[in-house]
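Residue-level listing of the chains:
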Amino acid sequence: MPNVYYPEGMLLTTPENQEAVSSQAGLEKAMMQGKILESVALLCDASMNLTFKLGSMRARMEKNEVATTPDGMPPKDIAVISRVGKAVCFKVIGFEKSRNGDPVALLSRRAAQEEYIHATFSQLIPGDILPARVTHLEPFGAFVDIGCGVISLLSIDCISVSRISHPKDRFCPGQYIRTVVKSVDRNENRIFVSHKELLGTWEENASRFTPGQTVTGIVRSIEDYGIFVELSPNLAGLAELKESITVGQHVAVYIKSILPERMKIKLVLIDSFKGDSRAVMPIEYYIPESVTHMDLWQYSPDDCHKLVESVF
C-alpha cells in the first residue's frame, strides 16, 4: 500500500508503525516496501547525527538526512538538535555493523520529505483540507507541519475571524489542527494554509446563542467605540467601553441583540475575571473530517449587505 502522509507524531503509536520498528525483520520489510515510519530521537551526538532505539536495535540518522533544504545543503545544527525528544518520520535506507558487530539501521527523514513533496505538491490545490501540527509560533503567524515535517505558514489573519493579537491566543506548539490550502507555490515547493474557513460561518456560530443569555467570552480588542468580546473563535460581539478592562480578560456578557443582516452582536459587559492574558478559546471545527476539499466558504449571512468569503 502507498504511504499516507501525516504530520509527525501521528504515526508513532499506530499498530503498523509499532510492529515495523520493533524488530530488524520489520525494518527490513519496511525498507523493501518504502514505508515511512516514526520513532523518537533519543540523542544528538557531537557530529550532529541522531540516535534512535528501534526495538532492540540502534539506529542512526546522519545530519544530511535529517531534513530536505531548498538549496540542497545540510540542515542547520539547530534543526537537528531540535528533533531530540520528538517524533521523527523516516525511511529505512540501509543497515551497517557497529564496532562490536551489532546491526545498526540507517534512517532518512529527508527521503520521507522528498517523497511527500514529490507525491503531493503536484496534486494539492487550493481548498484541499489537510491535518497539521503546530511547530512554533511567531507574531505574524503559526508554522505548521502539514506532512512528514514539511512546514507551511499559517498567517495570523487566516487563523480565525475573531481578532487575536498573537497566534498563541489560539494555538500552542505541538497541537494538532486542521487547515485548508490557501495557495501552492510549485516553483519554491511551498504551501500556504488557512484555518478560519473550518471554524464555521457567522450564522453557524451565532446559532449557539440567543438574545437574553449571559455567557462568557474573552476580550480580544479595545477600540475607541467599544470592546470586542470573542464568543467563539469565529464570532465576536461588541460591548460598550468600560474602565479597567484589558485585552485577554475573561468576561461575562449579556447578549442584547443578534442582527444577521448587519452581522452584529450587541453585548452588555456584566463582569470581568482575572486570568491568563493569553487565554485560549477551545477550537470546534464545523467541517466534517470526511470532507477533504472546499471550493467556496461564505462567512457572511445571505441577507447581509457585506460579503465575506473565501474562494479557492
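Report follows, based on the coordinates. Since this is a predicted model, take the numbers as computed values, not measurements.

1. Description of the packing of aromatic side chains
Moving on, step 1. With the rule as written, the count across this model stands at six aromatic pairs.
Moving on, step 2. Plain terms: the ring middles of Tyr 116 and Phe 121 are 6.2 Å apart, the flat faces sit at 85° to each other, and that makes the pair edge-to-face.
Moving on, step 3. Given the relative accessible area of 2%, Tyr 116 is considered buried.
Moving on, step 4. Judged by centre distance (6.0 Å) and plane angle (90°), the ring pair of Tyr 225 and Phe 228 falls under edge-to-face.
Moving on, step 5. Residue class for Tyr 225 comes out exposed when judged on its relative accessible area of 52%.
Moving on, step 6. Grouped by ring-pair contacts, the aromatic residues Tyr 5, Tyr 116 and Phe 121 constitute a single cluster.
Moving on, step 7. The ring centre of Tyr 285 lies 5.8 Å from the NZ or CZ of Arg 178, which sits over that ring.

2. Concerning helix H4 (residues 109-120)
Moving on, step 1. Along its 12 residues, H4 runs 16 Å from first to last C-alpha, staying within 8% of the 16 Å computed at 1.5 Å per residue.
Moving on, step 2. Along H4, the residues classified as buried are Arg 109, Ala 112, Gln 113, Glu 115, Tyr 116, Ile 117 and Thr 120.
Moving on, step 3. Here the buried face of H4 lies against strand S4 (57-61), strand S5 (87-97), strand S6 (103-108), strand S8 (141-147) and strand S9 (150-155).
Moving on, step 4. The N-cap of H4, judged by a side-chain oxygen 3.5 Å from the amide nitrogen of Arg 110 a few residues on, is Ser 108.

3. Section: a negative patch on the surface
Moving on, step 1. Where like charges cluster on the molecular surface, the negative patch consists of Glu 203, Glu 204, Glu 261, Asp 302 and Asp 303.
Moving on, step 2. Residue position: Asp 302 is located in the loop between strand S17 (296-298) and strand S18 (309-311).

4. Quick word on unusual backbone geometry
Moving on, step 1. The phi torsion at Ser 244 lies on the positive side, around 65°, for a residue other than glycine.
Moving on, step 2. Mapped onto the fold, Ser 244 is located in the loop between strand S14 (235-239) and strand S15 (250-259).
Moving on, step 3. For Ser 244, a relative accessible area of 68% gives the class exposed.
Moving on, step 4. You will see that Met 263, though not glycine, has its phi angle at about 55°, which is positive.
Moving on, step 5. In this structure, Met 263 sits in the loop between S15 and strand S16 (264-273).

So, how was this worked out
- Residues numbered from 1 in each chain as written.
- Predicted model: local features only at pLDDT ≥ 70, side-chain atom pairs only at ≥ 80, totals over all residues.
- Heavy atoms only, no water.
- Phe/Tyr/Trp six-rings, centres within 6.5 Å; stacked < 30°, edge-to-face > 60°.
- Buried < 20%, exposed > 50% of the residue type's maximum accessible area, 1.4 Å probe, protein only.
- Lys NZ or Arg CZ within 6 Å of the ring centre and 35° of its normal.
- Helix = DSSP H or I, 4+ residues; strand = E, 2+ residues; numbered from the N terminus.
- Expected span 1.5 Å × (residues − 1).
- Contact = heavy atoms within 4.5 Å.
- Polar contact = N/O pair within 3.5 Å; in protein donor to acceptor, adjacent residues only side chain to side chain.
- Patch = residues over 30% accessible without salt bridge, like charges linked within 9 Å, V, L, I, M, F, W, Y side chains within 5 Å.
- Areas by Shrake-Rupley, 256 points an atom, 1.4 Å probe, with all protein chains shown as cover.
- Salt bridge = Lys/Arg side-chain N within 4 Å of Asp/Glu carboxyl O.
- Lys, Arg positive; Asp, Glu negative; His and termini not counted.
- Charge placed at Lys NZ, Arg CZ, Asp CG, Glu CD.

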